[in-house]
Each structure stands twice: as C-alpha cells, then as structure tokens.
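This is what each chain is made of:
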Amino acid sequence: MTTAIEMRNIRKYFASSSTLALDQVNFEVQPGEVHALVGENGAGKTTLMNVLYGLVSPDEGEILVQGKPVQISHPDHAIQQGIGMVHQHFKLVPSFTIAENIMLGVEPNQFGVLNSSTEAEAVRKLAADYGLPVDPNKRIQDVSVGIQQRVEILKSLQRDARVLILDEPTAVLTPQEVRELYVVIRRLAESGRSVILITHKLLEVKEVADRLTVMRRGKVVGTDDVANVSVRDIANMMVGRQVILTVPRTPAEPGETVLEVENLLVADNKGLPAVMGASLQLRKGEILGIAGISGNGQTELVEAIAGTRPIDGGDVRLLGESLVGKTVRQRRDVGMAHIPEDRMTSGLNMTTTLDENVVVTSYDREPYSKGGYLQFDAIRQLAQQIAKTFHIKSAAAGGNVRTLSGGNLQKIVLGRELEGDPALIIANQPTRGVDVGSIEFVHKTLVDVRDHGAAILLISVELDEILALSDRVAVMYEGRIVATLDMDEVNEEKLGLLMAGSSLPQDDALAYEEMN
C-alpha cells in the first residue's frame, strides 16, 4: 500500500535559540488511519508538522505524498497536496460568520459579486456530509470553542484535505466536546482520510488512534500499534524515564483562612450574570479544586478574585483584607499570585524576552529596581534561576520566548508566580496544553508549595486533575457553587451529577446514596 505521507531524514536547526528541533526524523502515515504523534513539549512534534504544512522549511530531508516527492514551502503548497492543519490556537476571523471563515479565499461569486446565501448553503451541505452541524450565519465570536474547532476542520475538508493534522485538538474542549470529536476523527478515518493527532494526552491516544509515533528531543524513539502499548509504556518512552502518573501527597494540614469569597456577583463580557452569589473559603496549606464544565462562571470568578474583572456585589478578602476596588498590583502586594488560564495572552508577552517576562510582576521592587532604574544583572540572575529550577528547555536568559513550547512557557509563568512565596496561588487550568512530563512537574510543584503553607485555588476542566490534587472540591454550575465536598465524600459519579446541574439537595442526596 502506498503511504499517504512519508517524511525522510528531516532536520531543522533554529539558530536563534541554538536548538536542533528535528534530528534526522523519519515519519510515515497510512491512508485511513489515525496516527498519534506524541512527545513532551519541545520534543519536535509541532515543528515536524509545521514542516509538513509548509510553515517551517527543513534544512535537510524530503517529503513524499502518495509515494511521490513534493516540495512544500508554503501552506498553499500543502493544501494543493491535500494536507490540512487545525492549529492548537485557531486561525479564524472572530467578526466573520462561520460560512465566511470556511469559504474564505474560495467564495462563490458571480462577476466578482459574493453570494452569501450560496455560501451558507454550501457550508450547510458540507457540514451535513461530514456530520459536523454548524449554523453558517453565526459569527465566530458568538460560538463555543468546540464549534470553532469544528469550523477549522470543515475549512480543511472544504479544500479537500486527504490528510488532516490536528494539533492538541482537545486542549480547550469540554468532556462532551471531546467525545464528539473522537466520533468525527473515526468517521474521517473510515472515509479513507488520514488523521495525524498531535497530543500529550495518553488516554486520548488509546481511545482514538490506530498507531503512534513517539518523539523525544527532536528524534523518533519508536513507532507502534496502539494496541501493543500501555499508557505507562507511552509515558516512559516520551520522557525517557519512569513517570509518576499520580503525584504522591500527604493529607493536608490546613491552617488559618487565607481567602474568603462571600456572595460574589460578577457579570460576563456582555453584562449578563456569570457568577451569582458564590461563596467559598480557602485555608493555608490546602488545595481547593473548582470543578465544572467550561463556561459555568469559573473564568469570571477567577478574574474577579485576581482583579481583572469588576465585582458587582459581595466581597473578596485575602488574609482578612477586602480586595474590592483594589488593583491587581495591590492584590499582589497583599500576597496573591495568579497562573492565568491563557498563558499566551494573559500570562506572557510573546514578543519579549525571558528576562522581561519573569520580572514583569516585580520590576518595581528591589533587587530588580533601585532609585527608579532597572537592575539588569539582578533580572538576568532571576531568569537564569527560574530556567534552571524549573527545567525550562531551550530557554536562555535574554532570549525570546516565542519559540518555546507550551510546557516550557507554562513553566516560566509558574516560576514567576511562585517567586516570593505568595500566600494565595490562583492556578487556572495550570496544565492545559502541556505534556505528561510537564504535568508531573506542575503537579509536584503545586503539592510542594501547598506543603510549605500556600493556599491554592485550583480551577480545571480536567476532572482527573481535580481529583489528583484537591483536598476539597467546590463544584460550579451556571455561576453558582452548588456544593463543596471533602475528598472522602467525592467520587467521579457524584461530581458528574453536580457538574451537570444536580445540586443534590437532601432528597436527591438520599436518592443518590440509595442508587449506590
């Protein structure tokens, strides 16, 4: 059988960061298969696929499509060869409709005049053909992340992609949207298309892939049928050592109350209620997990506590001091640190250096500033210390951060926010889009700072993460905290009921106990 894609001896060196990203890599994909490409962040997965899609030019090697050598130096060339790519960070125009995004560049027209009704009908038919229903007339800015991803897939299929590259496709999806995506991926493979799945989620590999290729430090370390390997086997191949999939921890020993939230009222970007009367307490030396399906007020709750969204009612107190009306800087001075949900836009400035990013929250205090002047030697020392302590691969003091992988970017944020031993750490989706080795590191770090007395508010849509790290769990549904549970009260089924809207009042709780 002729391979759908074959990449031979691909080499790529980035002089700007002195990184050999791809070292004589060989990779091939068969028609009609789902092929998972896995590895730690920085292993070379995305760079390899960027070469295939024409976004990065290799220094050496060749690419074959359907057995024939081809030159791909631009995404247009890849599209002409039947290759499509859905990036981890979507490439859509928010103000355009779904139809306009899908048909962008290939719009139906007559004598140069666009026909929006024909465009919408073409998209409706395309969506029906592939079982990916969308409303062509809705604007991208008004639909969920799951629908936006569906639009990206349809955009590639509209251009007749026979090979579809999905880069971390479930990183921002709810559990329900993940299951829907699995069905779509299998359907595409059954139709004869090849799907390359770049992922770090090992259960995802077992769930949906036929074969996998593991990369480590720019090299392929193995290719196998998914049925032949366990999750632990894959993790060990990715990292090159035995990986602790569940971080060991001792029971928490909570101290005094650090954070109090009382009857909090917060609106969303449209002025509609997003958090409605939420109350919680968080104590020194414990991790309080906030569980819930994405979009139930978690983001607005965090932003209100962190100071990036106004509070419409209620109170937030840190170490007994009200934060209402205080700026982000003033909250940090009281003892708050914030690991934001989106490291690319809120956590880091991607256009600047490692040095500037690690000092951005402390540049106005000694030893990083004296008499109004920045102390560049002290800043450089901080950057070097964080890069070393947090094992940030390919990071160089004074170097740009834009070429670093997601896991390494997250480590920069983590290192910066933990500097100075804050009393409260808000960790919002702390492992979103990072690999198994980085997840292990982040989890170990959070447990360690908890053991040293920090109070951690953990927000995650990953239920496994909430269960692995939390000492107590609060569940959010439609802007309300519907339950707060000790870990001896928690199981997945109970959390699932609460996340779906069952508040488990007394009668429901009794029925639940009877059900079990």
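That block above? That's the structure.
What you see is a predicted model, and the numbers here were worked out from it, not measured in a lab.

About the cut-offs
- Residues numbered from 1 in each chain as written.
- Predicted model: local features only at pLDDT ≥ 70, side-chain atom pairs only at ≥ 80, totals over all residues.
- Heavy atoms only, no water.
- Helix = DSSP H or I, 4+ residues; strand = E, 2+ residues; numbered from the N terminus.
- Rg over C-alpha atoms; globule rule 2.2 N^0.38 Å.
- Buried < 20%, exposed > 50% of the residue type's maximum accessible area, 1.4 Å probe, protein only.
- Contact = heavy atoms within 4.5 Å.
- Areas by Shrake-Rupley, 256 points an atom, 1.4 Å probe, with all protein chains shown as cover.
- Arc of directions from axis to C-beta.
- Polar contact = N/O pair within 3.5 Å; in protein donor to acceptor, adjacent residues only side chain to side chain.
- Patch = residues over 30% accessible without salt bridge, like charges linked within 9 Å, V, L, I, M, F, W, Y side chains within 5 Å.
- Salt bridge = Lys/Arg side-chain N within 4 Å of Asp/Glu carboxyl O.
- Core = buried A, V, L, I, M, F, W, Y, C linked by side-chain atoms within 4.5 Å.

Novice: In this structure, what is going on with the overall build of the chain? I would like to understand it.
Specialist: Each helix and strand in the chain was counted, giving 18 helices and 24 strands. A globule of 516 residues ought to have a C-alpha radius of gyration of about 24 Å, and the chain, at 24 Å, matches this closely. Projected onto its principal axes, the C-alpha coordinates of the chain cover approximately 70 × 60 × 50 Å. Here the chain holds 516 residues, and 52% of them are scored as buried. If you take every contact in the chain between residues at least 6 apart in sequence, the share linking residues at least 24 apart comes to 67%. Accessible surface, the chain: about 23100 Å² in total, of which carbon and sulfur atoms supply 48%.

Novice: What is the right way to read helix H17 (residues 492-499) from this model?
Specialist: The periodicity of an α-helix, 3.6 residues per turn, causes residues three or four positions apart to be oriented the same way. For H17, every residue scored as buried is listed here: Lys494, Leu495, Leu498 and Met499. Axial view of H17: buried residues confined to an arc of 135°, hence all on one face. Measuring from the side-chain oxygen of the N-cap residue of H17 to the backbone nitrogen of Lys494 gives 2.7 Å; that N-cap residue is Asn491. Looking one or two places after H17, you find Gly501, whose phi comes out positive at around 115°.

Novice: So what exactly am I meant to see when it comes to a nonpolar patch on the surface here?
Specialist: A surface patch of nonpolar side chains, amounting to about 330 Å² of accessible area, comprises Tyr363, Leu374 and Phe376. By the element assignment, Leu374 lies in strand S20 (residues 373-374). Residue class for Leu374 comes out partly exposed when judged on its relative accessible area of 40%.

Novice: I'm lost on the nonpolar core in this one. Help?
Specialist: Nonpolar side chains tend toward joint burial in soluble globular proteins. Within the largest apolar cluster, 48 residues are counted, with the highest numbers of intra-cluster contacts made by Leu354, Ile412 and Ile425. Broken down by element, this core gets its largest block of residues, 6 residues, from helix H13 (residues 376-389). When near neighbours in sequence (up to four residues on either side) are disregarded, Ile425 contacts Ala337, Ile339, Leu418, Val449, Ala454, Ala455, Ile456 and Leu457.

Novice: Which parts of the structure should I look at to understand the environment of Ile466?
Specialist: Within the element layout of this structure, Ile466 appears in helix H16 (residues 463-469). Taking relative accessible area as the criterion, Ile466 reaches 0% and is therefore assigned buried. Each C-alpha atom of the pair Ile466 and Ile290 lies 7.5 Å from the other, and the pair is 176 residues apart in sequence. Not counting chain neighbours up to four residues away, the residues in contact with Ile466 comprise Gly289, Ile290, Ala291, Leu458, Ser460 and Val473.

Novice: How should I be thinking about helix H8 (residues 231-239) in this particular structure?
Specialist: Taken residue by residue, H8 has Ile234, Ala235, Asn236, Met238 and Val239 as its buried positions. The elements touched by buried residues of H8 are strand S3 (34-39), helix H7 (202-208), strand S11 (211-216) and helix H15 (436-451). Backbone geometry just downstream of H8 places Gly240 in the positive-phi region, at approximately 85°.

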